[in-house]
Protein chains: 2
Amino acid sequence: MNGVPSRSASSRTGVTRDDVARLAGVSAAAVSYVINGTKKLSPETEERVADAIRKLGYRPNRAARALRLGSAETLGIIVPDATNPFFAALTHEVEIAAGRRGYSMIAVNADELAAGYDAHRLEMLVSRGVDGVILCTSPSPDDAGVLEAAGVPYVTLNQPGTGTRRTSVGVDLREGARIAVEHLAQHGHRTIGLIAGLSSEGAREEREAGWRAAVQQLGAMPGALEWSPFTPAGGYEAGLRMVASGELPPALFVSSDQLAKGLLKAFHEHGVRVPEDVALVAFDGTEDAEYCWPPLTTVAQPVAAMAEAAIEALFDGEGAGATQVFAPVLVRRQSCGCPRDLPAQSG
Amino acid sequence: MNGVPSRSASSRTGVTRDDVARLAGVSAAAVSYVINGTKKLSPETEERVADAIRKLGYRPNRAARALRLGSAETLGIIVPDATNPFFAALTHEVEIAAGRRGYSMIAVNADELAAGYDAHRLEMLVSRGVDGVILCTSPSPDDAGVLEAAGVPYVTLNQPGTGTRRTSVGVDLREGARIAVEHLAQHGHRTIGLIAGLSSEGAREEREAGWRAAVQQLGAMPGALEWSPFTPAGGYEAGLRMVASGELPPALFVSSDQLAKGLLKAFHEHGVRVPEDVALVAFDGTEDAEYCWPPLTTVAQPVAAMAEAAIEALFDGEGAGATQVFAPVLVRRQSCGCPRDLPAQSG
DNA sequence: CTGAAAGCGCTAACAG
DNA sequence: CTGTTAGCGCTTTCAG
């Protein structure tokens, strides 16, 4: 594994703190002081050092700092599929939140669902000295073990019902289902089906339960139920199965925008009109939903707030076991039967 | 900037190489040897060390290694918008290619188009000791300067027409335009318009020239031309402008799938039928294109190959100024007027 | 075939 | 207010 054309060890910039000290005519420590503001020096000295830094184009060596401090000021984030727009958005927001605190993110994909693969990726992150990790994948005992053993704090993001004793931030899935089902009911539908995402994790019950509860509470009927992977392809398959079965309910709650994209394709191909033949409310609130046809009514997750909260939790120290639940909000568009240009309003 | 609950400096795992050496009853150096395979030791010693490592759960400290080696075995990648599925896919592929070589990626967004912002992000990457960076943003003199000054190798990815003397890998834009226009012409269209992406960079000429040349070469007529930001919203606006102008050409080459998504929305809203009223061929070949309605015929970039090539170039040392151009390929779907289920074939 | 020792560049405690 | 110093954990040359 011989890497990138290796400049020799210290030639990264060539200039070290000692060079700066020499040029400024102060001690090496003084340089550290002005850089880190550890100690107040005389303005004059400060000025001289700053000048030298500028002149030399000095940039502190992060590796040395990391070694000394035991922190690389880096966080890891692991998502099931970086290619899914929802996770792309989430990762992006997390990066911004981390950036505000001077931290960088190393993002890794859990991709290969092979057992133990996550743990492997996690090992990598840990050995890289990340100061914390955000898991957007529900931690298997293995995963959690790796992290716990290394003493690396973590929080789960968007992973409902994780059994660990760590902080977890997510959205209220049952409430989301309720909002969706309620809205569909308001459009006059009495039978409401569900297309649910098949995650490797155990959030399924929660989703299904939320839907069941909401349907029941409204005195409506549960319609057909399909489980499918959280991808457009999964939604497409589910749609195909549903039309083939001839059990198309008049309304459907689809548990992710990605799923809905695929569903729409299946429906278009088979002449099933949305919302006339079947009304749809999706979940997630990605930008994509706006550009489907018809534009998707969707229950949006407050992604930025969730990202901020996750980072916050990591920094705040372990609010052990705390669970932060955010409220999703309905974004009305046309897949549910709402007219275009209806100003947003609740209920 | 006090960070994550800081375990004290060395408590990351607690166990250091010295602990391993002690338990195995060998010297510290021996441990390094078996880990890095620097030197062959007696199988017996090797075994003992391996055991100790396992028993202790030892994991080498990357920061120390980075400090010593002058390399963090990390690469940076900077994209204009991580939220754009095309870049998400590209980043993902790059991460995989880097991972194969034991490198991690730190991804940063150029986001805020504020001048100098990139340079700032780049500084961050450099100070982090990345061993190289992949620029998916065309390097301003500033950016290049930061990198050159620090002696950090970089390659540009997907940035046609960059003026630097660095390796650049991208797709043949003119050929892409040719393929698209030719296909549209084969559907019998004589006038072909263009919706082009407005990047902050200067790739515009290339795109426009490619289209002009192709149209001309086929003896067709250039139709309306719209420039718009590389986003669905941009495509939507462009679509709105085009229908408002009443100058809708019968065929359109759209220079990105994202743009096309927005365009489709505008067309749907105004009852413009695709492909009957206007035939579309897009560019990029993201998964999204498959789930538009109608499914988008698009000229696909070989993303994985490009990512691999970029990483390869970084590792191969500076193939100074070399430009690697990949050939795009037509993916036929229905937005151009092709029937469904037509088996792929060229021409 | 193995071990001792010299730093990589930086921070922070401690002296002056 | 400023400077000296002792490592952080690791790699690698050089003796044994």
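Refer to the structure presented above.
The rules behind these values
Residues numbered from 1 in each chain as written. Chains lettered and ligands numbered in written order. Predicted model: local features only at pLDDT ≥ 70, side-chain atom pairs only at ≥ 80, totals over all residues. Heavy atoms only, no water. Least-squares fit on C-alpha atoms with pLDDT ≥ 70 in both. Contact = heavy atoms within 4.5 Å. Salt bridge = Lys/Arg side-chain N within 4 Å of Asp/Glu carboxyl O. Helix = DSSP H or I, 4+ residues; strand = E, 2+ residues; numbered from the N terminus. Buried < 20%, exposed > 50% of the residue type's maximum accessible area, 1.4 Å probe, protein only. Expected span 1.5 Å × (residues − 1).

S.K.: Can you help me understand the relation of the copies chain A and chain B in this one?
M.R.: In summary, the two copies of the chain are related to each other by a rotation about an axis coupled with a shift along it. Mapping chain A onto chain B leaves a residual RMSD of 0.1 Å; the transformation is a rotation of 180 degrees accompanied by 0.0 Å of translation along its axis. Within this description, the copies of the chain are treated as partners about a two-fold rotation axis. Same-surface contact between copies: 100% of interface residues of chain A are shared with the interface of chain B.

S.K.: Is there a simple way to explain the pattern of salt bridges in this structure?
M.R.: Any two side chains of opposite charge can pair, given that their charged atoms come close. Taken as a whole, this structure holds 38 salt bridges over all chains when the rule is applied. The salt bridge involving A:R54 is made with A:D51; its shortest N-O contact spans 3.1 Å. Of this pair, A:R54 and A:D51 both sit in helix α3 (residues 43–56), separated by three residues, roughly a single helical turn. You can call A:R54 exposed: its relative accessible area is 58%. The partner of A:E123 in a salt bridge is B:R59, and the shortest N-O contact between them spans 2.1 Å. Linking A:E123 in helix α6 (residues 117–127) with B:R59 in the loop between α3 (43–56) and α4 (62–69), this pair reaches from one chain into another. According to the relative accessible area criterion, B:R59 is buried, its value standing at 16%.

S.K.: Which parts of the structure should I look at to understand the environment of B:D143?
M.R.: Residue and element names in this part refer to chain B. In this fold, D143 is placed in helix α7 (residues 141–150). Owing to a relative accessible area of 2%, D143 belongs among the buried residues under this scheme. It is 50 Å that separates the C-alpha atoms of D143 and S42, two residues lying 101 residues apart in sequence.

S.K.: Mind showing me how you'd approach helix α12 (residues 303–315) of chain B here?
M.R.: An α-helical turn contains 3.6 residues, so any two residues separated by three or four positions project in the same direction. Residues and elements named next belong to chain B. Compared with the 18 Å implied by 1.5 Å per residue over 13 residues, the 19 Å span of α12 between its first and last C-alpha is a close match. Considered for burial, the residues of α12 that qualify are V303, M306, A307, A309, A310, I311, A313, L314 and F315. Lining the buried residues of α12 we find β1 (74–79), α5 (85–100), β3 (133–135), β4 (154–157), β5 (168–171) and β11 (323–326).

S.K.: For this particular structure, what's the right way to read unusual backbone geometry?
M.R.: A negative phi angle is the norm for most residues apart from glycine, just as the trans form is the norm for most peptide bonds. Across the junction of A:V274 and A:P275, the peptide omega takes the value 10 degrees, indicating a cis bond. Mapped onto the secondary structure, A:P275 falls in the loop between α11 (257–269) and β9 (279–284). One non-glycine residue with positive phi stands out, namely B:E73, at about 50 degrees. By secondary structure assignment, the location of B:E73 is in the loop between α4 and β1. Not every positive phi belongs to a glycine, and B:N158 is a case in point at roughly 65 degrees. B:N158 sits in the buried class, given a relative accessible area of 13%.

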